[in-house]
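Here is what each chain is made of, one letter per residue.
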Amino acid sequence: MTTAWITIGEHQLQLRLHTPTVCSMLHRVFPQIDPALRCEKPDVLVQLEDGYGGPCTGYELDVTRVEDGHTSYRRSDYELVVNSSLDHATIRVFDELALKHALMHLYSMAIIHTGWGLLMHASCMEEAGHAHLFIGHSGAGKSTVMRMSLPRGVFADEASILKIEADRITAYHSPFRSDHHTPMESRLSPTPLASAQLLVQSQENRRVQLDKVSAMLALMDKVFYWAPAPAAVTSIMQQLRMLVEQVPVYELHFRKEPTFWELIT
Amino acid sequence: MTTKYIRSEGCESLQVDTDCMVLNLDQYTVTQLNAIGADCWNRLTEPMSIEELAAQLRAEYGTEVPSIEEDVCAFVEELSRYGLIQAMEDNGAA
């Protein structure tokens, strides 16, 4: 068994890797922390194994309470078992896609549980020292917008990490990528979020600001979360409220060309 | 016997500007209430009849709205349908 440390957001995860296969899967997707920068105690300790199940056949989860207050989340390609304080987990995966999704699932639960922030269905780019979020489900145009925004820096191309505090909202580099991978040396530092755009593909560029309640309702189903417990729902809504109170949320109607940035900057 | 109404358990609410968002944590629904609706919701932490709620609103806003009891009745019926408030008999039984 080997041990790896990775950073997601502000958090350090220690992973105990039970097979060489899962070790090489992890190293391909997640760069490791320099040993000199490791915390004394990780935020989450994860046992990671491969050889589980088969290819992904759908996103529905089977949720069961197991012994000692642990909860099991099962999909065809991964199983995630977590304790009640979400600082210990066991993950068994079929392949790299399952590994990515299982870690997204774990991380999203952990940051919502602690009230640290949210993992959003969004791409996120940097412009003049500020981060801008582009939100939507699959097919909305998140990756298209990201590609049209290059060479601007990219925090995320499908799953954006936001730290949410009473006086600031900060975008972090996200390791959960679809196509666009950022080399270590080009990773962006945490940056204040200046705007959020809900994507609508259109024949014209137009941006309409939403009132706060409409923004919250539109953002609710854009948070990555699976089978939320009532306490998690409350945390998500409280964090979305802090988000909309500090950051303007718009509907961005955009043509498939980079001119939409003229509406943002 | 007068029917009184009270907020259901398993609901949380968040104030957003002058509106209120009520979460039904059992059914995973969100209901948006405008300013007056939010005021009614805030008063329903204690059992209250439609007549009592209407009287409080009349006293608060100082207007003679002939349909205020009908409006409150419609509001209570709608929130009951959503499971956000529940009826209690006057003896306190739900």
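Quick caveat, the model's predicted, so the values are computed rather than measured.

About the criteria used
Residues numbered from 1 in each chain as written. Chains lettered and ligands numbered in written order. Predicted model: local features only at pLDDT ≥ 70, side-chain atom pairs only at ≥ 80, totals over all residues. Heavy atoms only, no water. Helix = DSSP H or I, 4+ residues; strand = E, 2+ residues; numbered from the N terminus. Rg over C-alpha atoms; globule rule 2.2 N^0.38 Å. Contact = heavy atoms within 4.5 Å. Areas by Shrake-Rupley, 256 points an atom, 1.4 Å probe, with all protein chains shown as cover. Lys, Arg positive; Asp, Glu negative; His and termini not counted. Charge placed at Lys NZ, Arg CZ, Asp CG, Glu CD. Buried area = accessible area lost by both parts, 1.4 Å probe. Salt bridge = Lys/Arg side-chain N within 4 Å of Asp/Glu carboxyl O. Polar contact = N/O pair within 3.5 Å; in protein donor to acceptor, adjacent residues only side chain to side chain. Nonpolar A, V, L, I, M, F, W, Y, C, P; charged D, E, K, R; others polar. Phe/Tyr/Trp six-rings, centres within 6.5 Å; stacked < 30°, edge-to-face > 60°. Buried < 20%, exposed > 50% of the residue type's maximum accessible area, 1.4 Å probe, protein only. pLDDT = per-residue confidence, 0-100.

A. Quick look at the overall build of chain B. Looking only at helices and strands, chain B features three helices and five strands. For chain B, the succession of helices and strands along the chain, N to C, is β-β-β-β-α-α-α-β. Its C-alpha atoms give chain B a radius of gyration of 13 Å, near enough to 12 Å, the size a compact globule of 94 residues would have. The dimensions of chain B, computed from C-alpha atoms along their principal axes, are 35 × 35 × 20 Å. The long-range share in chain B, meaning contacts at least 24 apart out of those at least 6 apart in sequence, stands at 50%. As displayed, chain B offers around 5,200 Å² of accessible surface, 46% of which is attributable to carbon and sulfur atoms. Taken together, the 5 basic and 18 acidic charged side chains of chain B have centroids lying 2 Å from each other.

B. Geometry of the interface of chain A and chain B. Facing the 13 residues of chain A at the interface are twelve residues of chain B. Here chain A meets chain B over a buried area of about 1,200 Å², counting both sides, of which 74% is carbon and sulfur. The interface formed by chain A and chain B holds one salt bridge in total. Note that Lys212(A) is salt-bridged to Asp17(B), the shortest N-O span being 3.3 Å. On the surface where chain A and chain B come into contact, there are two residue pairs in polar contact (both at pLDDT 80 or more). Of all the secondary-structure elements, those providing two or more residues to the side of chain A that touches chain B are helix 4 (212-219) and helix 5 (230-246) of chain A. Per-element accounting of the side of chain A that touches chain B gives the leading share, six residues, to helix 5 of chain A. By residue class, the composition of the side of chain A that touches chain B is nine nonpolar, two polar and two charged.

C. Looking closely at the packing of aromatic side chains. Residues and elements named next belong to chain A. Throughout the structure, instances matching the rule amount to eight aromatic pairs over all chains. When the centroid spacing of 5.9 Å and the interplanar angle of 75° are considered together, the rings of Phe-30 and Phe-176 count as edge-to-face. Separated by 146 residues along the polypeptide, Phe-30 in the loop between helix 1 (20-29) and strand 3 (44-49) and Phe-176 in the loop between strand 12 (169-172) and strand 13 (191-201) bring together distant segments of the chain. Among the residues examined, Phe-30 registers a relative accessible area of 1% and is labelled buried. Taking relative accessible area as the criterion, Phe-176 reaches 0% and is therefore assigned buried. Ring plane angle 75° and centroid distance 5.9 Å describe the contact between Phe-134 and Phe-260, whose orientation is recorded as edge-to-face.

D. How the structure looks around the confidence of the model for chain A. Put simply, chain A has an average pLDDT of 92, and 100% of its residues get 70 or more. Within chain A, the lowest mean pLDDT, 84, falls on helix 1 of chain A, and the highest, 98, falls on strand 12 of chain A.

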